[in-house]
Amino acid sequence: MTLQQLKYILAIVSCGSISEAAKQLFISQPSLSSAVKELEQEIGLDIFLRTSKGIALSNEGAEFLSYARQVVEQAELLEQRYMDKKPTKKLCSISTQHYAFAVQAFVSLLKDLNTNEYECTLRETRTYEIIEDVRHMRSEIGILYLSDFNRKVIEKIVKESGLRFHPLFEAEPHVFISTEHPLADKTMLAIEDLDEYPCLAFEQGEYNSFHFSEEILSTRSYKKKIMVSDRATLFNLLIGLNGYTISSGVLNEDLNGENIKSVRLRTDENMQIGYITNKKANLSRLATDYVGKLESIITDFGYAILSQKDELS
């Protein structure tokens, strides 16, 4: 087993395919495939599952990846310390529901990076895909929420996928509306107050179950409802159609502009927002720093960080 082979495994996981990894490593695809097969034969397990749709980490491969990442990171520290070698490109991948604070933390992380090279990924995506990203280690962290309604279903999937849920904070649900909305002067709204306005929600694709919805009160019947796939479109529709969406209430003017405001929603439901990790993987230094950025932003907004004793393992 060589350090180069371990770097090959990390590159394949980061790129999502052997062909793309080969391009970035400047070697041929057959050479990379051969190196991986030799390593698999040597250690006696299949790191990757190969199907007609591509490759994915096996359960044993996910555990192997965790150790491989630690070895490579430690080797790089030795090279930088004693061989004055240039640091390698920093890598980090995060999957999240559509939260401004998740983007804000990502921005802060990259601004503070003391490196000239990095390759980081931030996926604002669907709930089920967040879980799959972390399960297959395409992402180190996945940000989502639990509520009384979805908790049992999400917790079951998280456990069965070999993941752990780490709570961050309890959010009182708010609605996001335009500053020009007819109800913009209100300090609190009931959901019935909004019946004449379009409700905007993020579509969940194939897994469009109420339990995967990013918005609470997903089973309620709405007179007007628009499904969208990205945050920019949602905010444009909020402004253009006097629409609204239900979320955590954590906004950032630098990222969302000054035309959107947050108004408390009168409801007994709460959102416990947190992040999931793979039990077989230890977070990289960059991912750990990202969690620190999340906690700092949440604290600055006035929310208390939840105790680790509430983690779902």
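Relevant structure appears above.
Draft legend 1. Structural view of the overall build of the protein. Helix and strand content of the protein: 10 helices and 13 strands. What you see for the protein is a C-alpha radius of gyration of 22 Å, in line with the 20 Å of a compact globule of 313 residues. When the backbone C-alpha atoms are referred to their principal axes, the protein occupies close to 65 × 40 × 40 Å. Burial status across the protein gives 48% buried among its 313 residues. Within the protein, contacts between residues at least 6 apart in sequence are counted, and of these 78% link residues at least 24 apart. Accessible surface, the protein as shown: approximately 15800 Å² in total, 47% of it carbon and sulfur. The positive charge centre, built from 35 side chains, and the negative charge centre, built from 45, are 3 Å apart in the protein.

Draft legend 2. The arrangement of the packing of aromatic side chains in detail. Within this structure, the stated rule accounts for seven aromatic pairs. Seen in terms of ring centroids, Y128 and F212 are 5.8 Å apart; in terms of plane orientation they differ by 85 degrees. Their pairing is edge-to-face. Note that Y128 is positioned in helix α6 (residues 127–135) and F212 in the loop between β9 (199–202) and β10 (225–228), a separation of 84 residues in sequence. The interplanar angle of 45 degrees and the centroid separation of 6.4 Å between the aromatic rings of F176 and F235 together place this pair among those described as tilted. Separated by 59 residues along the polypeptide, F176 in strand β7 (residues 174–178) and F235 in helix α8 (residues 231–241) bring together distant segments of the chain.

Rules behind the numbers
- Residues numbered from 1 in each chain as written.
- Predicted model: local features only at pLDDT ≥ 70, side-chain atom pairs only at ≥ 80, totals over all residues.
- Heavy atoms only, no water.
- Helix = DSSP H or I, 4+ residues; strand = E, 2+ residues; numbered from the N terminus.
- Rg over C-alpha atoms; globule rule 2.2 N^0.38 Å.
- Buried < 20%, exposed > 50% of the residue type's maximum accessible area, 1.4 Å probe, protein only.
- Contact = heavy atoms within 4.5 Å.
- Areas by Shrake-Rupley, 256 points an atom, 1.4 Å probe, with all protein chains shown as cover.
- Lys, Arg positive; Asp, Glu negative; His and termini not counted.
- Charge placed at Lys NZ, Arg CZ, Asp CG, Glu CD.
- Phe/Tyr/Trp six-rings, centres within 6.5 Å; stacked < 30°, edge-to-face > 60°.

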